[in-house]
Amino acid sequence: MHMNVLPNKVCPVVLRRSGETVEILAFVHPLAGCQLVKGTIEAGEETTVAALRELAEESGIVDASVARVMGIWPSGFEQQVWAFVECVPRSPLPQSWTHDAPDDGGRTFRFFWHPLHQQADPEGWHVVFREAMRFIQEAHREGVTRQDGHL
């Protein structure tokens with residue numbers, strides 16, 4: 001039996017290298033702890049278009065391109081099926097910044113870089129984002145050509 005799983009959420013993934021460490025863009029939501037940028041794919045909207053739109057709305061990063069779709073993940077949380085899309089900003093990003101997200105009642109999100117291969121702290125991260133991080137870690141491992149056995 002073929003099951004067609006279409007994503008209804010998109011998670012634009014922004015990665016950077018800091019020395020030997022790969023870091024992922026994350027933010028602190030004032031009411032819900034540490035999260036990754038994620039949002040709803042609108043009816044008829046292409047996944048990659050949704051990723052760039054959500055990245056702009058939630059982080060303020062408006063000049064980015066899509067590198068690749070990293071995969072689809074049935075989250076098991078509120079019937080959410082996430083598409084992970086790696087996005088590359090066209091200019092360097094600061095170490096941290098804040099952004100007032102218009103689609104969340106104007107809440108201010110505080111952005112930071114989290115080491116990709118470091119486990120997300122259960123105290124600060126909701127379980128669905130910790131699981132999403134594991135999916136991204138695995139997709140990153142599979143998508144990176146290893147030259148010397150290290151990422």
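Residues numbered from 1 in each chain as written. Predicted model: local features only at pLDDT ≥ 70, side-chain atom pairs only at ≥ 80, totals over all residues. Heavy atoms only, no water.

A word on the packing of aromatic side chains. Applying the stated criterion to the full structure yields nine aromatic pairs. A ring pair is formed by Phe27 and Phe111, whose centres lie 5.2 Å apart and whose planes are at 40°; its orientation type is tilted. With Phe27 in strand β3 (residues 21-29) and Phe111 in strand β9 (residues 107-115), this pair connects stretches of sequence that are 84 residues apart. Judged by its relative accessible area of 0%, Phe111 is buried. Look at Trp73 and Phe135: their rings are 6.4 Å apart centre to centre, the planes differ by 40°, and that puts the pair in the tilted class. With Trp73 in strand β6 (residues 64-74) and Phe135 in helix α2 (residues 127-143), the pair connects residues that are 62 residues apart, well separated along the chain. Residue Trp73 is classed as buried on the basis of its relative accessible area of 12%. The exposure class assigned to Phe135 is partly exposed, which follows from its relative accessible area of 22%. (Phe/Tyr/Trp six-rings, centres within 6.5 Å; stacked < 30°, edge-to-face > 60°. Helix = DSSP H or I, 4+ residues; strand = E, 2+ residues; numbered from the N terminus. Buried < 20%, exposed > 50% of the residue type's maximum accessible area, 1.4 Å probe, protein only.)

Here we come to the pairing of β3. Along any regular strand the residues' side chains alternate between the sheet's two faces. Among the nine residues in β3, seven count as buried, and that is most of the element. Note: strand β2 (residues 15-18) against β3, four bridges, orientation antiparallel. Its bridge partner being in β3, Arg17 is matched across the sheet by Val22. The antiparallel pairing of β2 with β3 creates a hairpin that spans two residues between the two strands, and Gly19 there sits at a positive phi of about 65°. In the sheet, β3 pairs with strand β4 (residues 33-35) via three bridges, with the strands oriented antiparallel. Along β4, the bridge assignment pairs Val28 with Cys34. In this antiparallel pair of consecutive strands, β3 and β4, the connection spans three residues. (Pairing = 2+ DSSP bridges.)

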